[in-house]
Amino acid sequence: MSQSKRLSQSLNGSWTESPPPAFISGSDTDAAEWTKEWKGVLARDLIDFRIISVDADNTVEEACDKLFSEDAPCLAVRSKQSDHDAPNRSPYQGLFDYSDVNAFLTLAATRHTFSLDDTAPDPRQLKIVEAAIAGCVPVHLVSNLSDKNPLISLPNDADVVSLLEVFARGTHRVLIQASDHSGEPIGMVSDRGLLAWFDSYAKTNPSFRQYLANPIQPLSLPSLHIYTSVVAALSTASVLDAMKLMSEEGVSSVAVIDEESGALLSAVSVTDIGKIVVPSQSNQILGMPLHQFISLIKTKDGRTDGADRYPVYSCAPSSTLHYAIEKLLATNAHRLFVTRESTLSSPVLAPSAQGNLCGIASIVDMLSLFAHLANVEDVDPTEMQKHRRRSSTSSRTSDQQRFIRSRSSSKSSVRQSPSVIASSPTDMTRIDALSLDDLISKVERRKSVRSNK
């Protein structure tokens, strides 16, 4: 069966959306009423993840193994006992998620670009390299290595607006403290969980439901328009290229675009890296072209839930905000790629779309919009991303120049907006895997031992 036929048969007709209504603006009166109701809902009632902890001195491979075995989006790194005994100290010192896994693997695979003799080496990377040479990297060194995963806690009586104040700045999860002030959090709320709550709220509030009927184009979603760069990689680029791009640009996924047409083919996320690269048993997968890697993601998705699909979802600028929210929740995606396609009728972007990628509509973008409605101050959904870009020790400028040079001589150059940050294939002959094979093999051995038990 052809690929296009298989894709079309996996689609649900309910995804076809009707033309959007005329623009509907939420009035100040409506927004004030919504905000009053949001402040009456406690954050603890939105807890959607239990806290799964790992000791600070556990190794990175042990932490990765726990991420996989628990099917957890994130681990809380428990403080060392001496730190925990200190007054008013949290029992956790940080978080560890798939963005951190990607950042660590990228550091491990690009060690040749990092010199211990640098005049101003990154102290944290220096400690990680030294620990790896010694044969054991504790997870506390890698916690929030991505600069995207800060440890933030809210009091037990925090409300929905308190959550908006955190998530509207790019954070993806927060811990909720116990009512007895014991310091031990009772659970975790994710940005997806909050978006799901807003979706439910719309079903009970007609005016808010009407507000969500707005098409996304005129709304102030910060990543919707071209001025905010879409981070993308060519389909011929390597897995390592995508990993480096995500780490350096402070994003959790990159678009994969066709080398010939500039069409959006798929996307690769840090979760894909963690769940496929680490269990691969070899660092050779780092040199795999992305067009082959995305087929592995598709195969894995099919084994997990029976859906035969490409792991990328899109919407048009004319799509309604409600449609975009429903699609994000239904597909378990964190972002939708916005395309200029005029007749989009499925959650899977047709590979025939030609160079139409124009922006992103993410969960964080939508929550920042609601934060503006609630008059939250200093809303900046790109704060985490900009922090990562500032702290990155790698230079994207040279990669972009290499991309421009490599494509300028091609008669089939990628036809993308200049604001699309793209990565071209890297020479894979210099991959130096700092303990990478050890990490992969140790995780696989631990999985094998556990399955035999």
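Residues numbered from 1 in each chain as written. Predicted model: local features only at pLDDT ≥ 70, side-chain atom pairs only at ≥ 80, totals over all residues. Heavy atoms only, no water.

A. Representation of the environment of Tyr201 in the model. Structurally, the position occupied by Tyr201 is in helix H9 (residues 191-204). Judged by relative accessible area, which is 7%, Tyr201 ranks as buried. Distance from Tyr201 to Glu37, taken between C-alpha atoms, is 9.8 Å for residues 164 residues apart in sequence. (Helix = DSSP H or I, 4+ residues; strand = E, 2+ residues; numbered from the N terminus. Buried < 20%, exposed > 50% of the residue type's maximum accessible area, 1.4 Å probe, protein only.)

B. Geometry of the environment of Ala76. Turning to its location among the elements, Ala76 is positioned in strand S2 (residues 74-78). A relative accessible area of 0% means that Ala76 is categorised as buried. As a C-alpha pair, Ala76 and Leu151 span 75 residues in sequence and 8.5 Å in three-dimensional space. Leaving out residues up to four positions away in the same chain, Ala76 has contacts with Ile51, Ile52, Ser53, Val54, Tyr92, Gly94 and Leu95. (Contact = heavy atoms within 4.5 Å.)

C. Layout of the side chain of Arg173. Examined against the element boundaries, Arg173 turns out to sit in strand S5 (residues 173-176). Arg173 gets classed as buried once you look at its relative accessible area, which sits at 12%. A polar contact of 3.0 Å, which involves the side chain of Arg173, links it to the side chain of Asn149. If we skip the residues at most four places from it in the chain, Arg173 touches Pro73, Cys74, Leu95, Asp97, Asn149, Phe167, Met188, Val189 and Ser190. (Polar contact = N/O pair within 3.5 Å; in protein donor to acceptor, adjacent residues only side chain to side chain.)

D. Inspection of the packing of aromatic side chains at higher detail. Inspection of the entire model under this criterion finds 13 aromatic pairs. When the ring of Trp34 is compared with that of Tyr211, the centres are 5.7 Å apart and the planes differ by 55°; the resulting orientation is tilted. Of the two residues, Trp34 sits in helix H2 (residues 28-38) while Tyr211 sits in helix H10 (residues 206-211), which places them 177 residues apart along the sequence. Judged by relative accessible area, Tyr211 falls into the buried class, the value being 6%. Ring centres 6.3 Å apart and planes at 25° place the aromatic pair Phe208 and Tyr211 in the stacked group. Taken together, the positions of Phe208 and Tyr211, both in helix H10 and 3 residues apart, correspond to about one turn of that helix. With a relative accessible area of 0%, Phe208 lands in the buried category. Grouping aromatic residues by their ring pairs yields a cluster made of Trp34, Trp38, Trp197, Phe198, Tyr201, Phe208, Tyr211 and Phe370. (Phe/Tyr/Trp six-rings, centres within 6.5 Å; stacked < 30°, edge-to-face > 60°.)

Any link to function would need more than the numbers given here.
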